[in-house]
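Fold and contact review
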Amino acid sequence: MFGQPFEKPIRVWVGLGFPRQLNTVADAYQFAMEWCGNSPEQRAAIRACKAALCGDVDAETARGVFTAFARKKDILVQDGEMPPLSGTSRPSHA
């Protein structure tokens, strides 16, 4: 259960515009737990990942909730998206 892979990995921006790929529920759970903040979206992502790790929901359900969190925080890497220009940076954990 711990390494439940996603059908399609999630990519998020970290640091100074570097993408990080999350391949499993455990990866997404770890990322959400380490994210600085306490938004409702973050808490929902943590709960969904935890439920998937326990086998209460499937990995794709957790993926959907985590993706909504990443989109709300503007860290979701869209297909074909390039890193931000050097003059503008995305928040690393806002």
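Keep in mind it's a predicted model, so treat the numbers as computed, not measured.

**Focus: the layout of surface pockets**
Taken as a whole, the largest pocket spans an internal volume of roughly 190 Å³. Every residue lining the largest pocket is listed: Lys8, Pro9, Ile10, Arg11, Gln21, Arg63, Thr67, Arg71, Leu76, Val77, Gln78 and Asp79. For the lining of the largest pocket, the secondary structure elements donating two or more residues are β1 (5-14) and α3 (59-72). The leading source of residues in the lining of the largest pocket is β1, at 4 residues. When the residues that make up the lining of the largest pocket are grouped by side-chain class, the tally is 4 nonpolar, 3 polar and 5 charged.

**Topic: the nonpolar core**
Of all hydrophobic cores here, the largest spans 24 residues; its most connected members are Ile10, Val12, Leu22, Val25, Phe31 and Phe66. Of all the secondary structure elements, the ones that give two or more residues to this core are β1, α1 (25-34), α2 (40-54) and α3. No other element matches the 6 residues that α2 contributes to this core.

**Observations concerning the packing of α1 against α2**
Viewed as axis vectors pointing N to C, α1 and α2 meet at an angle of 150 degrees, and their least axial separation amounts to 9 Å. Between α1 and α2 lies a crossing whose hand is left-handed. Taken together, the residues of α2 that come into contact with α1 (itself represented by Val25, Ala26, Ala28, Tyr29, Ala32 and Met33) are Gln42, Ala45, Ile46, Cys49, Lys50, Ala52 and Leu53.

**What about unusual backbone geometry?**
With a phi close to 60 degrees, Asp74 is a non-glycine residue in the positive phi region. Structurally, Asp74 is set in the segment after α3. The partly exposed category is assigned to Asp74, whose relative accessible area is 46%.

**Things to note about the packing of α2 against α3**
For the pair α2 and α3, the least separation of the axes is 8 Å and the interaxial angle reads 165 degrees. The orientation of α2 relative to α3 falls into the category roughly antiparallel. Seen along the crossing, α2 lies across α3 with a hand that is left-handed. For the pair formed by α2 and α3, the contact residues are Glu41, Gln42, Ala44, Ala45, Ala48, Cys49 and Ala52 on the first element and Ala59, Ala62, Val65, Phe66, Phe69 and Lys72 on the second. When grouped by side-chain class, the residues that make up the contact of α2 with α3 number 10 nonpolar, 1 polar and 2 charged.

Procedures and definitions
- Residues numbered from 1 in each chain as written.
- Predicted model: local features only at pLDDT ≥ 70, side-chain atom pairs only at ≥ 80, totals over all residues.
- Heavy atoms only, no water.
- 1 Å grid on protein atoms, 1.4 Å probe; cavity = no way out; pocket = protein on both sides within 12 Å on 5 of 7 lines; lining within 4 Å.
- Points joined across faces, edges and corners; volume = space filled by probe spheres on them.
- Helix = DSSP H or I, 4+ residues; strand = E, 2+ residues; numbered from the N terminus.
- Nonpolar A, V, L, I, M, F, W, Y, C, P; charged D, E, K, R; others polar.
- Core = buried A, V, L, I, M, F, W, Y, C linked by side-chain atoms within 4.5 Å.
- Buried < 20%, exposed > 50% of the residue type's maximum accessible area, 1.4 Å probe, protein only.
- Axes fitted to C-alpha atoms, helices over the stretch in contact; angles between N-to-C directions.
- Left-handed = near helix turned anticlockwise from the far one by under 90°.
- Contact = heavy atoms within 4.5 Å.
- Parallel < 35°, antiparallel > 145°, perpendicular 65-115°, else oblique.

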